[in-house]
Amino acid sequence: MSAFREEDPRINSIRTKIRLVPNFPKQGIDFLDITTLLLDPKAFKNTIDMFVERYKNKNISVVAGIEARGFIFGPPIALAIGAKFVPLRKPRKLPGEVISEEYTLEYGSDCLEMHLGAVQRGECALVVDDLVATGGTLCAAMNLLERAGAEVVECACVIELPALKDR
């Protein structure tokens, strides 16, 4: 949420609800857990409200959520701004015809898929996920939407790793 001013009191409230889990899922990794944020209705609502305030007047018609945590934040944002929600899923999770975008991770590769026809040429899209790290997944989501003809307005993430501040 680096796009918001630090003086907004909601930022610190949200920040304190995100739990740090050392050495998860493996030794040396510090996992930032949003499930503790979801347990606090006020903090969760504040998170959604801040995104809605930012995007409500940007003519966004598509909110694309990245599996799986983008599915938590994306739908309420989409409903509040009057946009449709489009899930971006891991391979072989969507029935029917899909378009795919492969991308490289730190330790291998992965792929995102979207239903063919879910996004129309010229639509304005917002990509939603819980965390931005290297940006590989977000770039893949943007590429997928742009290949379908959408214009990606912005990517919205709840957490930005401190080492990547204002990247």
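Residues numbered from 1 in each chain as written. Predicted model: local features only at pLDDT ≥ 70, side-chain atom pairs only at ≥ 80, totals over all residues. Heavy atoms only, no water.

An unreviewed UniProt entry annotates the protein chain as adenine phosphoribosyltransferase of Dillenia turbinata. Checking UniProt for the protein chain, the heading Subcellular location (unreviewed entry) contains the comment "Cytoplasm". (UniProt positions renumbered as here; feature names shortened; annotations may be inferred.)

Colleague: Would you mind showing me how to read the pairing of strand 6 (residues 108-115) here?
Modeller: It is a general feature of regular strands that their side chains alternate between the two faces of the sheet. Two strands pair when backbone bridges link them, and strand 5 (residues 98-105) and strand 6 are joined in this way by eight bridges, in the antiparallel orientation. Residue pairing across strands places Glu101 opposite Leu112, the latter belonging to strand 6. Between strand 5 and strand 6, which pair antiparallel in sequence order, lie two residues. (Pairing = 2+ DSSP bridges. Helix = DSSP H or I, 4+ residues; strand = E, 2+ residues; numbered from the N terminus.)

Colleague: What is the right way to read the sheet that holds strand 8 (residues 151-160) from this model?
Modeller: Strand pairing within a sheet occurs via backbone hydrogen bonds; the two strands may be parallel or antiparallel. What the four strands build is an open sheet, ordered 4-3-7-8; its pairing is parallel. A strand with exactly one partner marks an edge of an open sheet, and here the two such strands are strand 4 (84-88) and strand 8. Sheet twist, expressed as the average angle between the axes of neighbouring strands with direction ignored, equals 25 degrees. In the sheet, strand 3 (residues 62-66) pairs with strand 7 (residues 124-132) via four bridges, with the strands oriented parallel. In the sheet register, Ala64 faces strand 7, and the bridge partner there is Val127. Sitting on the sheet, helix 3 (residues 41-55) is in contact with strand 7 and strand 8, with an inclination near 155 degrees to strand 8. (Axes fitted to C-alpha atoms, helices over the stretch in contact; angles between N-to-C directions. Contact = heavy atoms within 4.5 Å.)

Colleague: Before we go on, may I ask you to explain the nonpolar core in this structure?
Modeller: A general trend in soluble globular proteins is that nonpolar side chains are found buried together. Core analysis: the largest hydrophobic core is formed by 23 residues, its most contacted members being Val63, Phe73, Ile77, Ile81 and Leu126. The dominant element in this core, judged by the number of residues it contributes, is helix 3, at six residues. Non-local contacts of Ile81, meaning those with residues more than four positions away in its chain, are made with Val52, Tyr55, Lys56, Ile60 and Val63. Core analysis: the next-biggest nonpolar cluster, separate from the first, contains 22 residues, Val62, Ala64, Val86 and Leu144 among them. (Core = buried A, V, L, I, M, F, W, Y, C linked by side-chain atoms within 4.5 Å. Buried < 20%, exposed > 50% of the residue type's maximum accessible area, 1.4 Å probe, protein only.)

Colleague: Explain the packing of helix 3 against helix 4 (residues 70-81) here, please?
Modeller: For any two helices packed against each other, the geometry comes down to the angle between their axes and how far apart the axes lie. Between helix 3 and helix 4, the least distance of the axes is 9 Å, while the angle of their chain directions is 50 degrees. One finds that helix 3 runs oblique with respect to helix 4. For the element pair helix 3 and helix 4, the recorded crossing hand is right-handed. Taking contact as the criterion, the partners of Phe44, Thr47, Ile48, Phe51, Val52 and Tyr55 in helix 3 are, on helix 4, Ile72, Phe73, Pro76, Ile77, Ala80 and Ile81. (Parallel < 35°, antiparallel > 145°, perpendicular 65-115°, else oblique. Left-handed = near helix turned anticlockwise from the far one by under 90°.)

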